[in-house]
Amino acid sequence: MNKKQRDKEKQLVLEMSKDIESLSNSDKKELLRLRCRTEFATFAKFITREIGINGTFKPYEVHSLICNYVQGICDGDPKYRRTVISLPPRTGKSLLISKLMPTWQLGRSPTSQFILASYALKLSQEASRSILAYTTSEAFHWVFPECEVLEKNSNLKTIRSEQGGLIMAASAGGGVTGFGYGVISEDDLPGIGILDDLLEDGNSAQVLESTFSWTATQFLTRGLPNNCVASVGTRFHKEDVSGRLITSDPDLWLQLNVPALCTDEDTDPLGRKLNESHWPEFFPTSALESIKKQDPKTFEV
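As the structure is a computational prediction, the values presented were derived from the model and not from experiment. (Residues numbered from 1 in each chain as written. Predicted model: local features only at pLDDT ≥ 70, side-chain atom pairs only at ≥ 80, totals over all residues. Heavy atoms only, no water.)

Describing the sheet that holds strand S5 (residues 191–196)
So, step 1. Strand order in the open sheet made by the 7 strands is S3-S4-S2-S5-S6-S1-S7, with mixed pairing throughout. In this open sheet, the two edge strands, each paired with only one partner strand, are strand S3 (158–160) and strand S7 (254–257). Averaged over neighbouring strand pairs, the angle between their axes works out to 10 degrees when direction is ignored.
So, step 2. Sheet topology places S3 next to strand S4 (residues 166–171); 3 bridges connect them, and they run antiparallel. The residue of S4 that forms the bridge with Arg160 is Leu166.
So, step 3. Contacting strand S1 (82–86), strand S2 (113–118), S4, S5 and strand S6 (227–233), helix H5 (residues 93–108) runs over the sheet at an angle of about 165 degrees to S5.
So, step 4. Of the strands in this sheet, S2, S3 and S4 are in contact with helix H6 (residues 121–135), which crosses S4 at around 155 degrees. (Pairing = 2+ DSSP bridges. Helix = DSSP H or I, 4+ residues; strand = E, 2+ residues; numbered from the N terminus. Axes fitted to C-alpha atoms, helices over the stretch in contact; angles between N-to-C directions. Contact = heavy atoms within 4.5 Å.)

In structure tokens, the structure reads:
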């Protein structure tokens, strides 16, 4: 699927959705398939329902916000070409951004390349395990028949498509020589470099410096002409990788920062009232305030 095909399929979804009740069962099924191809949130719900290795994705307000950003990144919207997403722990960021985002985008752009990096290789490879399960499933092939993942030639370090696409799992500080992210043509949907929780904590100044150095000299230099970069994680220090990226070029990096408790009603991305939880159904305000008392400095980064 290139950008023209994406636009054509989005238009088909709009036209078919005008009178859903009049559609035949086969047309309704085709509408679902087209929506899975063009809408990230729809695909995320569908594939996790069909392949239950990570449970079924049920979006709450914070997840709908994340999905909107993923949609912009994967559609190649210039606004989202460089994006930093900061979220509290256990908010679903790794499922949505490290597992489902590359799964969806490889299906839509089978020649695209990805590098997925975390602070530990085992975390990146855990994401690869899920991606491999999703992309080799019948459900995935129904949505994206044009993308054939070479299961015999894939492993937890590299997942390869028959069309030349590739997803590589890496760790901060590890070797990425010979690999890249993106695609050549601007007509295609971009491949993505994903930085997912590059720091286990923010306690070591040496680790902070070496991790940013690796990001700047090894990771950010691997982009093909048409690429996006998404840095996602929990903030532990103002000088962590996400913080350094933003301060190095504030106009380049689009930032989504969702603190666990609302600190500013005027700028809160969820439109919350002061001290309201980012996910009250799972993290009541009282529980978050108790956590904050244990380590207020880190909690408020």
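A look at empty space enclosed by the protein
So, step 1. For the coordinates displayed, the defined rule picks out 1 cavity of 30 Å³ or more.
So, step 2. In this structure, the largest cavity spans a volume of roughly 120 Å³.
So, step 3. Every residue along the wall of the largest cavity is listed here: Leu195, Asp197, Leu198, Leu199, Ser231, Val232, Gly233, Thr234, Phe236, Asp240, Val241 and Ser242.
So, step 4. Of all elements in the fold, only S6 and helix H9 (241–248) reach the threshold of two or more residues within the lining of the largest cavity.
So, step 5. Ranked by the residues each element gives to the lining of the largest cavity, the list is headed by S6, at 3 residues. (1 Å grid on protein atoms, 1.4 Å probe; cavity = no way out; pocket = protein on both sides within 12 Å on 5 of 7 lines; lining within 4 Å. Points joined across faces, edges and corners; volume = space filled by probe spheres on them.)

As for the nonpolar core
So, step 1. Formed by 51 residues in total, the largest nonpolar core has its most connected members in Ile47, Ile97 and Met101.
So, step 2. Considering every element that reaches this core, the biggest residue donor is helix H4 (residues 61–74), with 8 residues.
So, step 3. One finds Ala170, Tyr181, Trp214 and Val241 within the second-largest nonpolar core, a separate group that totals 18 residues. (Core = buried A, V, L, I, M, F, W, Y, C linked by side-chain atoms within 4.5 Å. Buried < 20%, exposed > 50% of the residue type's maximum accessible area, 1.4 Å probe, protein only.)

Regarding the packing of H5 against H6
So, step 1. Following both chains from N to C, one finds H5 and H6 inclined at 35 degrees, their axes separated by 9 Å at the closest point. As for how H5 packs across H6, the hand of that crossing is right-handed. The residues of H6 that touch H5, namely those facing Leu95, Ser98, Lys99, Leu100, Pro102 and Thr103, are Glu126, Ala127, Ser130, Ile131, Tyr134 and Thr135.
So, step 2. Class assignment for the residues of the contact of H5 with H6 results in 6 nonpolar, 4 polar and 2 charged. (Left-handed = near helix turned anticlockwise from the far one by under 90°. Nonpolar A, V, L, I, M, F, W, Y, C, P; charged D, E, K, R; others polar.)

Remarks on the environment of Asp188
So, step 1. Along the polypeptide, Asp188 turns up in the loop between S4 and S5.
So, step 2. Sequence separation between Asp188 and Asn226 is 38 residues, and the spatial gap between their C-alpha atoms is 8.1 Å.
So, step 3. Sequence-distant contacts of Asp188, that is, excluding residues within four places in its chain, are made with Asn2, Lys3, Ser109, Thr111, Val183 and Asn226.

So, the packing of aromatic side chains
So, step 1. Under the definition given, this model contains 11 aromatic pairs.
So, step 2. Note on Tyr60 and Phe282: the rings are 5.9 Å apart at their centroids and 75 degrees apart in plane angle, and the pair reads as edge-to-face. Of this pair, Tyr60 sits in the loop between helix H3 (40–50) and H4 while Phe282 sits in the loop between S7 and helix H10 (285–294), and the two are 222 residues apart along the sequence.
So, step 3. An angle of 50 degrees between the planes, with centres 5.2 Å apart, marks the rings of Phe140 and Phe144 as tilted. Accessibility assignment for this pair places Phe140 and Phe144 in one class, buried.
So, step 4. The positively charged end of Arg108 is found above the aromatic ring belonging to Trp104, 3.8 Å away from the centroid.
So, step 5. One cation-aromatic arrangement involves Arg244 over Phe212; the distance from NZ or CZ to the ring centre is 4.0 Å. (Phe/Tyr/Trp six-rings, centres within 6.5 Å; stacked < 30°, edge-to-face > 60°. Lys NZ or Arg CZ within 6 Å of the ring centre and 35° of its normal.)

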